[in-house]
Structures are given as structure tokens and as C-alpha cells.
Amino acid sequence: MATSGSAAEVRVDTVFSALADPTRRHLVEALAAQPGATATGLASGLPISRQAVAKHLKLLAEAGLVCSHRSGREALFELDTEPLVEAVAWIDHVGAEWDRSLAGLKRLVERRTS
Amino acid sequence: MSTLAHTVTRSVVLDAPPAEVWEAITDEGQLSEWLAPEVELDPQEGGEVVCRFEDGEERRGEVELVEEAERLAFRWWREGAGPSRVEFVVDAVAEGTRLTVIESGLVPNAAPLLAAGWAPRLRALRLQVGRLVLA
């Protein structure tokens, strides 16, 4: 549980950092609406250059939120929501940890009372 | 406020008087029996808290709020995450005592997402992935 948690926790942090930027959130949204979009296509709806979009896409890819495959000369981008699921799983893990702790507390104080 | 499930709330009803429950959440010796194997806590505002867990993780922090026999809050740092705030609330109930724990600010980098009204969009994504639990 907690032992395997660290790597996932670091990743969770990366995911949220990646999503903290409004341009990147916009890109995630755009990719949700049109899977397989190109950097050029995505840039056309934004006031920034194709290069800037590519840079943001690279960061999203590093966080595991976006993956790409080549089609001819262009890379087609798609959303991968798995890391978000992981982020939520981390929150669930925190809840499970409290469940265990509070069960221990219950044993402790009720043992004394009875 | 809409949240990105970054607050965890748990509650337990204990067959013990509030004073005993308060002691169990503020006394180092007792905390070491249920919260983590090794707990140091100076239960006053600004006091230090240190928890060492079985797996070697150490969380350090600082006490933020002490309302004698009612409320204790501290901030600690989970490994690989930023600071989160833990608050214990002690309530007398007919069966004994209800203890509620609220851990908030989990993954604080999520804050800008929340500010930007990101939650509804994630809710839409949730439909796609089928399993994004949002508060």
C-alpha cells in the first residue's frame, strides 16, 4: 500500500502541476472534444504559436495525460485519463489510511472503557 | 465550494467519554498506539508534530489549532505531496463520542484547478473514464 504509494504520489503531483496551467487545461479539453488533433490544429484555436502548443503537449505527455502517434509528417495527440484515475486513487488511499487508523483508535479507547 | 475530492472526511463513534478521546488524540503515547508507531506531538498552537510510519515514511508538521477537548488541527507533509491539514473534531453524542477527521488541501497543486472551475470539466471526463470520484 504505502510502500508502493510513493511513485504514484510523485506522479499525482506531476499530474496536478501539469493541469495547473490554463493553456494546458484548455488543450486537455480540446483533446477530449477532438481526439487525434495535431499541434497545428490545436494552435489554431489559441493565441499562441504551434511551437508553444507543442511544448505544452510535451509537458502533458510527461505527466502521462497525453499520448501521440505519427501519421505521415504530423503527430496526432490523444488524451489518456488514466493518470487522473490514479490521482483519485491516491485520495482514496488517504481515506483508507484514516479508516485503518480510526479502527485502531476505537480498539484503544473502547478496550479501556470496558 | 466544489472540490476535486481533495478533502477526506472520516467519522467514528466511540464508546468512551469525550475527555478520553481528547486524550487519545493529544497524548503522544496513545497516538503511538493508533496513528503511527512513533508520534511526537506538542499539543499547543505552533507545537511540532512528527509521525513515523511502519514503512519508514516520516511526516512532520505544526499544530495550528487547539480548542481544549473539542478541536485539534495540524498541518503535515505527506511524502511526494505538499502540505495537508488534518483536523480532529470531538463531539459528545448519546453513544459516547463522535470523532471526525477532516484532511484537507491534499495535493495542494490542485488549487489552481479548483479556482479555474475545473471540477465540472473533470466531471465530464469522469463520464468517459467511468471512475473519477468527485466530491
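What counts, and where the lines are drawn
Residues numbered from 1 in each chain as written. Chains lettered and ligands numbered in written order. Predicted model: local features only at pLDDT ≥ 70, side-chain atom pairs only at ≥ 80, totals over all residues. Pairing = 2+ DSSP bridges. Helix = DSSP H or I, 4+ residues; strand = E, 2+ residues; numbered from the N terminus. Axes fitted to C-alpha atoms, helices over the stretch in contact; angles between N-to-C directions. Buried ≥ 20, exposed ≤ 12 C-beta atoms within 10 Å, placed from the backbone. Contact = placed C-beta atoms within 7 Å. pLDDT = per-residue confidence, 0-100.

S.K.: Hey, could you run me through the sheet that holds strand E3 (residues 48–52) of chain B in this one?
M.R.: All names here are of chain B. Reading across the sheet, the seven strands line up as E1-E7-E6-E5-E4-E3-E2 and stay open at both edges, with antiparallel pairing between neighbours. The open sheet has two edge strands with one neighbour each: strand E1 (8–14) and strand E2 (38–41). Strand after strand, the sheet turns through a mean of 20° between neighbouring axes, direction not considered. Of the pairings in the sheet, the one linking E2 to E3 comprises four bridges and is antiparallel in character.

S.K.: Is there a simple way to think about the environment of A:Leu42 in this case?
M.R.: Positionally, A:Leu42 belongs in helix H3 (residues 39–44). By the C-beta count within 10 Å, which is 21 here, A:Leu42 ends up buried.

S.K.: Honestly, the sheet that holds strand E2 (residues 66–71) of chain A in this entry has me stumped. Any pointers?
M.R.: The strands making up a sheet associate through backbone hydrogen bonding, with each pair oriented either parallel or antiparallel. Residues and elements named next belong to chain A. Ordered by their spatial adjacency, three strands build an open sheet running E1-E3-E2, and the pairing between neighbours is antiparallel. If you trace the sheet from one side to the other, it starts and ends with strand E1 (37–38) and E2, each paired once. Bridge count between E1 and strand E3 (residues 74–79): two bridges; the pairing is antiparallel. Within E3, the residue paired with alanine 37 across the bridge is phenylalanine 77. Across the sheet, helix H2 (residues 22–33) lies against E1, E2 and E3, angled at about 95° from E3, the strand it touches most. Set on the sheet, helix H4 (residues 50–62) makes contact with E2 and E3; between it and E2 the angle comes to about 120°.

S.K.: What should I look at first to understand the confidence of the model for chain B in this one?
M.R.: All names here are of chain B. Of all residues in chain B, 72% have pLDDT values of 70 or greater, and the mean over the chain is 80. Within chain B, E2 carries the highest mean pLDDT (98), whereas helix H3 (residues 111–115) carries the lowest (39). For residues 108–118, every residue scores under 50 in pLDDT, and the model assigns this stretch 24 contacts once sequence neighbours within four places are set aside. Throughout residues 126–135 the model reports pLDDT below 50, and contacts reaching past four residues in sequence, or to other chains, amount to 22 contacts.

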